[in-house]
Amino acid sequence: MVLALLVGGVVVALVVVGLFVFGLRRRLIQRSGGTFDCSLRWDPPPSESEPSGRGWVYGVARYNGDRVEWFRVFSYAPRPRRILERASIEVLERRTPKGEEELALLSDAVVLACRHGGTQLELAMTDDALTGFLAWLEAAPPGQRVNVA
């Protein structure tokens, strides 16, 4: 009986510590400001009439100079999972979520289809975050090309 209580106490303590670390990591990411909630789908399937909700990963993006750093929300990694360079981002299309995507994304999300280098990707964010993202793209220093559709 004592062993069961001890094991149960250790499990509860590990869960509390894990949740604390999640919160601390998010706080450290947001500390410098310029963050927004952003789901990402890397290399989505070719255009479909009814897109599936597969492949979307919820995350937080942070502006850092001429790049956007994207972090998975449910991760302990201190480094960004993806880094998008401003000069390499080409906006292809802007649309609302369709079909199963509506269930996979936040309710007020707008999907932005992009190309980064040679890789297709989709970003889903709120309309306010989208306005800020497009303004950041267009605010490139003189001499850099900007590809906003």
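Naming follows an unreviewed UniProt entry, where the chain appears as DUF2550 domain-containing protein of Streptomyces antioxidans.

Q: Would you explain the domain arrangement of the chain in this entry?
A: The extent of an interface is frequently quoted as the accessible surface area lost upon association of the parts. For the chain, the assigned domains are domain 1 (1-31) and domain 2 (34-138). Taking only C-alpha atoms, the centre of domain 1 and the centre of domain 2 are 30 Å apart. Taken together, the contact between domain 1 and domain 2 spans eight residues of the former and twelve residues of the latter. In total, domain 1 and domain 2 occlude about 870 Å² of area from one another, counting both sides; carbon and sulfur atoms represent 55% of this. The three residues of domain 1 that bury the most area against domain 2 are F22, R25 and I29, which together make up 65% of that side's buried surface. Run the count over domain 1 and domain 2 and you get zero salt bridges. Inspection of the region where domain 1 meets domain 2 yields zero residue pairs in polar contact (both at pLDDT 80 or more).

Q: What is the right way to look at the UniProt feature "transmembrane region" (unreviewed entry) in the chain in this model?
A: Taking the UniProt record as the reference, the feature "transmembrane region" (unreviewed entry) is found at residues 6-24. Across residues 6-24, helical content stands at 100% and strand content at 0%; the span's end C-alpha atoms are separated by 27 Å.

Q: Explanation requested: the nonpolar core in the structure shown.
A: Ranked by internal contacts, the top residues of the largest apolar core, which has 21 residues, are L123, M125 and F133. Secondary structure elements with two or more residues in this core: β4 (67-72), β6 (89-95), β7 (109-116), β8 (119-126) and α3 (127-138). Ranked by residue count, the leading element in this core is α3, at six residues. The residues contacting F133, other than those within four sequence positions of it, are F36, Y63, V68, I89, L112, L123 and M125. Among the nonpolar cores identified, the runner-up in size contains five residues, and W56, L105, V111 and A124 belong to it.

Q: Looking at this structure, how should I read the packing of aromatic side chains?
A: Tallied over the full model, the rule gives three aromatic pairs. Consider the rings of F36 and Y63, whose centres lie 5.2 Å apart with planes at 35°: the pair is tilted. Of this pair, F36 sits in strand β1 (residues 35-37) while Y63 sits in strand β3 (residues 59-64), and the two are 27 residues apart along the sequence. The exposure class assigned to Y63 is partly exposed, which follows from its relative accessible area of 22%. Taking 5.4 Å as the distance between ring centres and 45° as the angle between the ring planes, the aromatic pair formed by Y63 and W136 counts as tilted. Separated by 73 residues along the polypeptide, Y63 in strand β3 and W136 in helix α3 bring together distant segments of the chain. Through a chain of ring-to-ring contacts, three or more aromatic side chains come together here, namely F36, Y63, F133 and W136.

What counts, and where the lines are drawn
Residues numbered from 1 in each chain as written. Predicted model: local features only at pLDDT ≥ 70, side-chain atom pairs only at ≥ 80, totals over all residues. Heavy atoms only, no water. Domains from an automatic or database assignment. Contact = heavy atoms within 4.5 Å. Buried area = accessible area lost by both parts, 1.4 Å probe. Salt bridge = Lys/Arg side-chain N within 4 Å of Asp/Glu carboxyl O. Polar contact = N/O pair within 3.5 Å; in protein donor to acceptor, adjacent residues only side chain to side chain. UniProt positions renumbered as here; feature names shortened; annotations may be inferred. Helix = DSSP H or I, 4+ residues; strand = E, 2+ residues; numbered from the N terminus. Core = buried A, V, L, I, M, F, W, Y, C linked by side-chain atoms within 4.5 Å. Buried < 20%, exposed > 50% of the residue type's maximum accessible area, 1.4 Å probe, protein only. Phe/Tyr/Trp six-rings, centres within 6.5 Å; stacked < 30°, edge-to-face > 60°.

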